[in-house]
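Letter by letter, the chains look like this.
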Amino acid sequence: MPERYTDTILKYLAERSYQPLKPRQLARRIGVDEEDYGTFRDAVRQLEEQGRVVLGNKNAVTLPRMGDTVIGTYRPNPRGFGFVIPEDPNAHGDLFIPPNANGTAMTGDEVRAKVIKRGRRDGEDAYEGRIVEVIHRATNRFVGILETAGDMHFVNPEGKRFTQPIVIRDVGGQAGPILGTKVAVEIVDYNAKGDLPVGVIVEELGEPGELDVETDAVIMAYGLPDAFSDEALDEARQAVRSFNRLDLDDPSRLDHRREDISDQTIITIDPPDARDYDDAISIDYDGKSGVWTLGVHIADVSHFVPDGSVLDEEARQRGTSVYFPRRVVPMLPEILSNGVCSLQEYQKRFVKSVYIRYGDDGEVIDSRFAESIIQSARRLTYRQAQDIIDGRTAGGGGSYGGGRHSAGYGKKVVKAIRWMHELARRIEKRREANGMLHLDLPAVELILDDAGKVVDAEPEDQSYTHTIIEMFMVEANEAVARRMAKEDRNILRRVHPDPDKTENKDLQAFISACGHKLPKQMDRHAIQALLDSVKGRPESYAVNLAILKTFQQAEYSPMKIGHFALASSDYCHFTSPIRRYADLTVHRTVARFCRGELEHEPPEDISELTRLGEALSACDRRADDAADELREVLVLQLLESKQGEVFDGVITGVAKFGMFVQWPKYLIDGLVRFDDLGNETFDVDAKQGVVRGKDTGQTVRLGDRLNVQVASVDVARRQLDLVPTKKTTGKNGTSSGGKSKKSKKSNKGRKGKSGNKSGGQRKGGKGGKSGKSNKSRKGRKKT
C-alpha cells in the first residue's frame, strides 16, 4: 500500500538539510528496497495529487510553498519566540512566531497561524506568523498557589507556558485547600471574550518549596504519567513470577537458546546512586593476534514486556523514564526496572549481548549478537573504576557499599578495567579521526541537603571511565544499526541531520567576528579543528556554544540519514531498554534476528515507525523539559537568598529586549534587560550574538564575561533578573551600559539542544540514571 511510505517521505523532505532529489534517488536515501520501488512511486504520485508534494525541475520531489495559513503544533522558546511545526510540511519548514504573537497558545497546542511574508533572506522568501486560533489544547491542567483578591479566589499558574490568573469560583469551603498551598487546577472555561479563565481545583499538592511538592507540581504540569494501571502491574508481577520459576542453571530447558556466560568476568560501571543497571561489559584481549573482543550486555527487557501487552502500551505512552533529584518517573514498573531487568551484582539475568572484535588500531573486524545469561561479577562506580586505572588500588580495597564481597576488587576485575581503558582509547582515537565531535561545555552537579534544598553546586565528575562506557555504548548501538541495515530491516534509528546551510553561514559570520575563520565547505573536521584551536582561550565558550546552536536536534526515525555529531552513517539506541522505549523496539528486532525469524517476516511499516519515532521524540523532549524546569526551580529557590550577590557571568544569548547571562556555578540563565542599562542606545544583532553601544562603540558578544548582580528572583515565573555592575567587562575589557533602542534583528534561532559533549550516549544522562544524581548539562546536545 502506498500509504506505508507517506509519513516517511514527508518527514524526509522536511529535513532542513534536504536537497531536491528525483523519486528513485529519494527512495534510495530513505532505504526503500528495489522490489518496493513501485509502491514508493505510487506514494509520491498520491502525495502530488493531494498537493502535499511537488514534482518540479527535472522531476525533483519537493514540498509545496508556504500557504496563507498553517495548522500545526506550537513549540515556544524560553526566550519569548516560538515555532509552529506544520501538520503538513512545506518547503520553508517550521513557521517562526515572534514574541507576543502566540496569543494564548502553549507548548504542544494545535494551532492555526496566519502567515506573514517578511521579505527575502539568503535568496529565499522569509516568513513569520501570528497565531489566530488554538484548535486543541495539549493540556488544561496547571499548577500554582491558591491566593485571594477581595472575594475572588485565583491561582497564578507557575512557569512560562500560561500566565493568566485562573479564577476559582468554588474552593470547597473548610474542607478545601488552605490559602497559600500549591494546587493543581483544571481550566473549564478559557473565556475567549477577554475575561479571565475559570478553573476547578483537582488536587492539593502541599506546601510550596518542599522537594516532593515541587516534583509533583512539575509532573502534573507536564502531564507525565506517574502511576501504572492495575493491569500493567499485574502483568509485571506475572513476568517476575515466571522468571523466578525458571531454572537458570540449565539453559537447555528455556524456551529458546541462550548462551550461559555467567562464569565470565562481567562488570557494571554506574553512578554511585544508580538504581537500575541496564548494561554490563566483558572484555578479552589476544596478545598474539592483537585482537580485542568487547562484549556489551544489555538487560533483556523484551523478554518481560511482550509486544502489544498492557504493560507495553503504557511503556510506549511514557516513551522514556524521567529523572528528577531523588525521584524517578519510570517507563516500567520498578518491580522490573529495579528488579529482574536490572543487572544486579551476583544475580543471574537475561541479556542481549553484542560482541565486537577490534584490531589493535581500534578498527572493527566483525560483530555478532546473542541472547545470553550473565551474572555481574562486580558493580563499580565511575570513580572506583578510575582508581583502578590510575593505580590507586592494587587489586583490593575500595567498596561502594560494604558487604562480604567488598573486601577487594580481584585481579580479574582489575585486568578487565585496564583493558577497557586501553580499548576505549583506541576506539575514541578512531572515531575522532572519522570526525566525531567533542564540544567543551560546562556541566555541574547540584548538591542537595537532607530536606531536598539546593545548597551548592560542583563541577561534574570528569573521570575518563565515563568516556569508556560512552564509547562502548556508542559502538554497540552502531553495531546493531549496521547489522539491521545489512539485513534490510527498518528499525527506529537515532538520527542527527547535518546543520543546514543557513545556520552555517550565520556561524561563519560569528566565528569571523571572534577572530577565527572557517572554510566555506564546513565539515566535521573543520569544526573540530576550530574547537581544538580555541581550547583554553577566552572565546572558547562562545565558539562551542555557537556551534552547538547550529546543530539540529537528534530524534527517532527509520530514515537512514546518519548521525552528524557521531560521524556515524547508521546509528540507533539499543543500550537502555529499561528507560527508553525506542531501545525496546530495537531489542525485539534483535531477538528475532538471533532466533532466525527475520528472514520469514514481511518488511516493517516505515510510516508506522515514522509516527512512533515522532511520538517518542516528543516524549524525549517532554522529559528533558520537565527535568530542566524542576532543576531551575530548585536553583532559583537557592538564589532567593542571594539577591544582591555579584558574580562574573557568561553571555549565552542575545535578543532584542536584552541579554541572557549564565551563572557558571549553577548553569542558570538570567536576563539583563537593555532598559535597565541607563541612557545609551544599542545596535543589537541577535543572529551573531553581538551588542554594540552606539555612543561608546564598545561591544559585547556571545560568550563574553559580564559582571552582574542578582536583582530579583521569581520562582513561580522561573525568572532571574540581573543588572550589570560598574565592573561590567567583556573578554576584551570593554564596558557596556546605557538605554536600549532596539534595532536590527530579533533572535529567531532555535533553543540550543542538550546532551553530552561528544554527541554520544553518556550514562547517567540528564538528571542522573537513578533519579538521585542532580547533574546538569544545560546547553549540551542530547543524542
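Anything mentioned here points back to the structure above.
Being a predicted model, the structure only gives us computed values, none of them experimental.

Asker: Can you walk me through the overall build of the chain in this structure?
Answerer: The number of helices and strands found in the chain is 15 helices and 34 strands. Looking at the chain as a whole, 56% of its 783 residues are labelled buried. Long-range pairs, those at least 24 residues apart, make up 69% of the contacts in the chain between residues at least 6 apart in sequence.

Asker: Whenever I open this one, the environment of Arg494 confuses me. Can you help?
Answerer: Relative to the helices and strands, Arg494 resides in strand β24 (residues 493-495). In the structure, Arg494 is positioned 78 residues away from Cys572 in sequence and 4.5 Å away in space, judged by C-alpha atoms. Separated by 3.3 Å, the side chains of Arg494 and Asp620 make a polar contact.

Asker: Which parts of the structure should I look at to understand the sheet that holds strand β28 (residues 668-673)?
Answerer: The strands making up a sheet are joined through hydrogen bonds of the backbone, oriented either antiparallel or parallel. Reading around the barrel, the five strands line up as β26-β27-β28-β33-β32 and close back on themselves, with mixed pairing between neighbours. Neighbour to neighbour, the strand axes of the sheet diverge by 50° on average, direction disregarded. Across the sheet, helix α13 (residues 540-550) is in contact with β26 (646-655) and β27 (658-663); its angle to β26 comes to roughly 35°. In the packing of helix α15 (residues 606-639) onto the sheet, contacts are made with β27, β28, β32 (705-714) and β33 (719-724), and the angle to β28 comes to roughly 65°.

Asker: Explanation requested: the side chain of Glu314 in the structure shown.
Answerer: With respect to the secondary-structure elements, Glu314 resides in helix α6 (residues 310-318). One buried charge, Glu314, has no salt-bridge partner; the nearest side chain with opposite charge is Arg318, at 4.8 Å. Those residues in contact with Glu314 that sit more than four places away from it in its chain are Phe228, Ser229 and Ala232.

Asker: Which parts of the structure should I look at to understand the pairing of strand β4 (residues 82-86)?
Answerer: Along a regular strand, successive side chains alternate from one face of the sheet to the other. Of all five residues in β4, four are buried; the element is thus mostly enclosed. Two elements, strand β3 (residues 69-76) and β4, share five bridges in a ladder whose sense is antiparallel. Its bridge partner lying in β4, Pro76 is registered against Gly82. The turn joining β3 and β4, which pair antiparallel and follow one another in sequence, is formed by five residues; a positive phi near 110° is taken by Gly80. Relative to strand β5 (residues 95-97), β4 is paired through three bridges, and the arrangement is antiparallel. Along β5, the bridge assignment pairs Val84 with Leu95.

Asker: For this particular structure, what's the right way to read the pattern of salt bridges?
Answerer: When their charged atoms lie close together, side chains carrying opposite charge are able to pair. In total, this model carries 47 salt bridges according to the counting rule given. We note a salt bridge from Lys11 to Glu555, for which the minimum N-O separation is 3.4 Å. Of this pair, Lys11 sits in helix α1 (residues 6-13) while Glu555 sits in strand β25 (residues 555-557), placing them 544 residues apart in sequence. A salt bridge links Arg537 to Glu539; the shortest N-O distance between them is 2.8 Å. On the accessibility criterion, Arg537 (44% relative accessible area) is partly exposed. Where salt bridges share partners, they join Glu158, Lys182, Glu214, Glu629 and Arg718 into one cluster.

Reading guide: rules and limits
Residues numbered from 1 in each chain as written. Predicted model: local features only at pLDDT ≥ 70, side-chain atom pairs only at ≥ 80, totals over all residues. Heavy atoms only, no water. Helix = DSSP H or I, 4+ residues; strand = E, 2+ residues; numbered from the N terminus. Buried < 20%, exposed > 50% of the residue type's maximum accessible area, 1.4 Å probe, protein only. Contact = heavy atoms within 4.5 Å. Polar contact = N/O pair within 3.5 Å; in protein donor to acceptor, adjacent residues only side chain to side chain. Pairing = 2+ DSSP bridges. Axes fitted to C-alpha atoms, helices over the stretch in contact; angles between N-to-C directions. Lys, Arg positive; Asp, Glu negative; His and termini not counted. Salt bridge = Lys/Arg side-chain N within 4 Å of Asp/Glu carboxyl O.

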